Amino acid sequence: MDVKQTRYAEDLRLIEKYLGGDEYAVEELVMKYQRKVYSLAYRMTGDIEDSKDVTQKTFLQVFANIRGFRKKSSFYTWLYRIAMNTCLNHLKKKGNDTLELNESIAGSNGNALPALIKEERSSFIRGSLKKLPDRQKTAVTLRAYEELSLKETAEVMKCSEGAVKAHYHNGMKRLKEILSASADSPGRKGEGI
Amino acid sequence: MRPGHEEIKDKLPEYISTGNIPDDVKEHLRSCDKCSQEAFLLQELNKVQVPEPGGLFFETLPQKVRASVRQKKKGFLFRFVPVFTLIALVVVTGYIYHTITPPLTEEELFTDPFAIQVFDLSGLSEDDIPPISVDIADDEIYLTEETSLYREFASLSSEEMEDLYEALEIKNRNGGVL
C-alpha cells in the first residue's frame with residue numbers, strides 16, 4: 001500500500017468514526033490537514049488573517065457537507081476542492097484585486113529569468129502569483145505546491161486533465177512574463193508587491 | 001524507456017516538490033531550456049515561505065471546529081423543538097378537554113345544532129334496536145289512515161274533484177244524505 005492509499009484509508013476511518021458519533025474524529029482530521037489548508041489559502045490570498053479565516057471556513061464547510069462525500073475521490077482532493085472554492089469566494093467577496101496583465105509583457109526575454117529571480121524577494125513571486133487569473137492561479141498553486149498529480153488537480157478543479165495542463169502552462173508562462181517584464185523595467189526592479 | 005519532453009513537463013511539479021528528480025530527467029533539464037526555466041521557477045515558488053499564523057491558531061483550531069460542529073448539530077435538533085411542542089400541546093389540550101367536559105344532556109343534544117355526540121352502541125344487542133325497516137312494505141310506515149286519505153285526494157283529477165265537490169254539496173244540502 002503506497003502513501004496515498006494509506007492516507008486515504010486513514011481518512012475514511014476517521015470519517016466513519018465521525019459519522020458514528022465520535023466528535024473527536026473532527027479534531028483528528030483538522031489536525032491532519034490544517035497546515036496544508038492554511039498554506040494553500042496563504043498562497044491563494046497572500047494574507048495571514050484571510051488565510052486563517054479561509055482555513056476555519058473550509059473545515060466548517062467540510063463537516064457541514066461530509067455526508068455528501070461520496071468516496072469517489074480521495075478525501076484530501078475533496079477537501080482541497082472545498083478549500084479552493086472557499087478561497088475564491090473569499091477573494092470575490094473581498095473584491096478580488098487580481099490585475100489584468102498587460103499583454104505587452106508577452107514576448108519578454110525569458111533567458112534573463114534565473115538571474116532576475118535570485119534578486120527578487122519571495123514576496124514578489126507571491127505577489128506575481130496573486131496577479132494570475134483565478135483558474136491559472138489555482139492550477140499553478142495545486143501543481144507547484146500541493147504535490148497533486150494532474151488527475152487529482154483535475155478532480156479538485158472539476159475540469160479535464162487537458163484543461164488543467166492548459167491553465168497551469170498559461171499560468172507559468174504569465175509568471176515568467178511578469179518576472180521578465182519586471183527585470184526589463186528598472187523602476188519596478190526589487191519592488192515588492 | 002526514457003521519458004520524453006512532454007511527459008517531463010507534465011511531471012515537473014511533482015519532481016520539484018518532492019525533490020525526487022530521476023537522473024534521466026536531470027539530463028533532460030540540462031539540455032532543454034524550456035524545462036530548466038520552468039524547473040527553476042517551480043523551485044523558486046517552492047522557496048516562498050508561508051508565515052506561521054501565530055496566536056496559537058493551529059493549537060486551537062481543532063477544538064474550535066469541533067465545538068462549532070457540535071453547536072450546529074444541536075441547532076439542527078432544536079430547530080424541530082417548537083413543532084414538537086406545538087403538537088404535544090394540541091394533543092394534551094384535546095385530551096384534557098375530552099376528559100373534563102361533561103357529556104351533553106338529552107335536551108342539549110337535540111336543541112344544540114352544533115352539539116356532536118358519539119353514541120356508544122357497543123352494549124346493545126340486535127334485539128335492542130327496533131326493526132324499523134325489516135318486513136315493512138313500501139310506504140306502509142308512512143301511510144296512516146289520515147295520510148292515505150290525503151294521498152287519495154291528491155291523486156284525483158280536476159274533473160273528479162269537481163264531481164266530488166258537487167256530491168259533497170248535495171250531501172250537505174240534504175242533511176248529510178247523498
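Residues numbered from 1 in each chain as written. Chains lettered and ligands numbered in written order. Predicted model: local features only at pLDDT ≥ 70, side-chain atom pairs only at ≥ 80, totals over all residues. Heavy atoms only, no water.

Caption draft 1: View of the overall build of chain B. Helices and strands together make up the secondary structure of chain B, namely 8 helices and 0 strands. Across chain B, helices and strands are ordered from the amino to the carboxyl terminus as α-α-α-α-α-α-α-α. For chain B, the proportion of its 178 residues judged to be buried stands at 19%. Put simply, 27% of the contacts in chain B that link residues at least 6 apart link residues at least 24 apart. (Helix = DSSP H or I, 4+ residues; strand = E, 2+ residues; numbered from the N terminus. Buried < 20%, exposed > 50% of the residue type's maximum accessible area, 1.4 Å probe, protein only. Contact = heavy atoms within 4.5 Å.)

Caption draft 2: Just the packing of helix H4 (residues 75-94) of chain A against helix H7 (residues 134-145) of chain A, in detail. All names here are of chain A. Packing of H4 against H7 brings their axes to within 12 Å, and their N-to-C directions diverge by 140°. As the angle between them shows, H4 and H7 are arranged oblique. At the point where H4 passes H7, the crossing takes the right-handed sense. Contacts between H4 and H7 involve Tyr 80, Met 84, Leu 88 and Leu 91 from the first element and Asp 134, Lys 137, Thr 138 and Leu 142 from the second. For the contact of H4 with H7, a count of residues per class yields 5 nonpolar, 1 polar and 2 charged. (Axes fitted to C-alpha atoms, helices over the stretch in contact; angles between N-to-C directions. Parallel < 35°, antiparallel > 145°, perpendicular 65-115°, else oblique. Left-handed = near helix turned anticlockwise from the far one by under 90°. Nonpolar A, V, L, I, M, F, W, Y, C, P; charged D, E, K, R; others polar.)

Caption draft 3: Here's a closer look at helix H1 (residues 5-18) of chain B. Residue and element names in this part refer to chain B. Its 14 residues place the ends of H1 19 Å apart at the C-alpha level, agreeing with the 20 Å of an ideal helix rising 1.5 Å per residue. Where H1 bends most, at Lys 11, the angle is about 50°, and the proline Pro 13 comes one to four residues later. Among all positions in H1, only Ile 8, Lys 9, Asp 10, Leu 12, Pro 13, Tyr 15, Ile 16 and Ser 17 are buried. Immediately beyond the C-terminal end of H1, within one or two residues, lies Gly 19, with a positive phi of roughly 75°. (Expected span 1.5 Å × (residues − 1). Bend = angle between axes of the 7 residues up to and from the residue.)

Caption draft 4: Region of interest: the packing of aromatic side chains. All names here are of chain A. Following the criterion strictly, the structure yields 9 aromatic pairs over all chains and no others. Pairing Phe 69 with Phe 75 gives two aromatic rings, centres 5.9 Å apart and planes at 80°, and the pair type is edge-to-face. Both residues of the pair, Phe 69 and Phe 75, belong to the buried class. Measuring from centroid to centroid gives 6.1 Å for Tyr 76 and Tyr 80, while their planes differ by 80°, and the two rings are edge-to-face. Placement of both Tyr 76 and Tyr 80 in helix H4 is noted, with a separation of 4 residues, approximately one turn of the helix. For Tyr 80, a relative accessible area of 1% puts it in the buried group. Arg 7 extends its terminal NZ or CZ atom over the ring of Tyr 76, reaching a point 3.6 Å from the ring centre. A cation over a ring is seen here: Arg 43 above Tyr 145, with NZ or CZ 3.6 Å from the ring centre. (Phe/Tyr/Trp six-rings, centres within 6.5 Å; stacked < 30°, edge-to-face > 60°. Lys NZ or Arg CZ within 6 Å of the ring centre and 35° of its normal.)

Caption draft 5: How the structure looks around unusual backbone geometry. Positioned with a positive phi, Lys158(A) is a non-glycine residue whose angle comes to about 55°. Tracing the backbone through its elements, the reader meets Lys158(A) in the loop between helix H8 (150-157) and helix H9 (161-184). Notably, Leu56(B) is not glycine yet its phi reads approximately 55°, a positive angle. Note that Leu56(B) resides in the loop between helix H3 (33-47) and helix H4 (57-78). On the basis of relative accessibility, which here comes to 55%, the residue Leu56(B) falls in the exposed class.

Caption draft 6: Local environment of the interface of chain A and chain B. Contacts between the two partners involve 44 residues from chain A and, on the opposite side, 36 residues from chain B. Carbon and sulfur atoms make up 64% of the area that chain A and chain B hide from each other, which totals about 3,900 Å². Run the count over chain A and chain B and you get 6 salt bridges. Where chain A packs against chain B, one counts 12 residue pairs in polar contact (both at pLDDT 80 or more). Within the residue set of the side of chain A that touches chain B, elements represented by two or more residues are helix H2 (24-45), helix H3 (48-64), helix H5 (113-119), helix H6 (122-130), H7 and H9 of chain A. The dominant element in the side of chain A that touches chain B, judged by the number of residues it contributes, is H2(A), at 11 residues. Residue classes in the side of chain A that touches chain B are distributed as 24 nonpolar, 9 polar and 11 charged. (Buried area = accessible area lost by both parts, 1.4 Å probe. Salt bridge = Lys/Arg side-chain N within 4 Å of Asp/Glu carboxyl O. Polar contact = N/O pair within 3.5 Å; in protein donor to acceptor, adjacent residues only side chain to side chain.)

Caption draft 7: Region of interest: the state of the cysteines. Taken as a whole and judged by the stated rule, the model has 0 disulfides over all chains. Note on Cys35(B): no disulfide assigned, nearest cysteine sulfur contributed by Cys32(B) at a separation of 3.7 Å. (Disulfide = S-S within 2.5 Å.)

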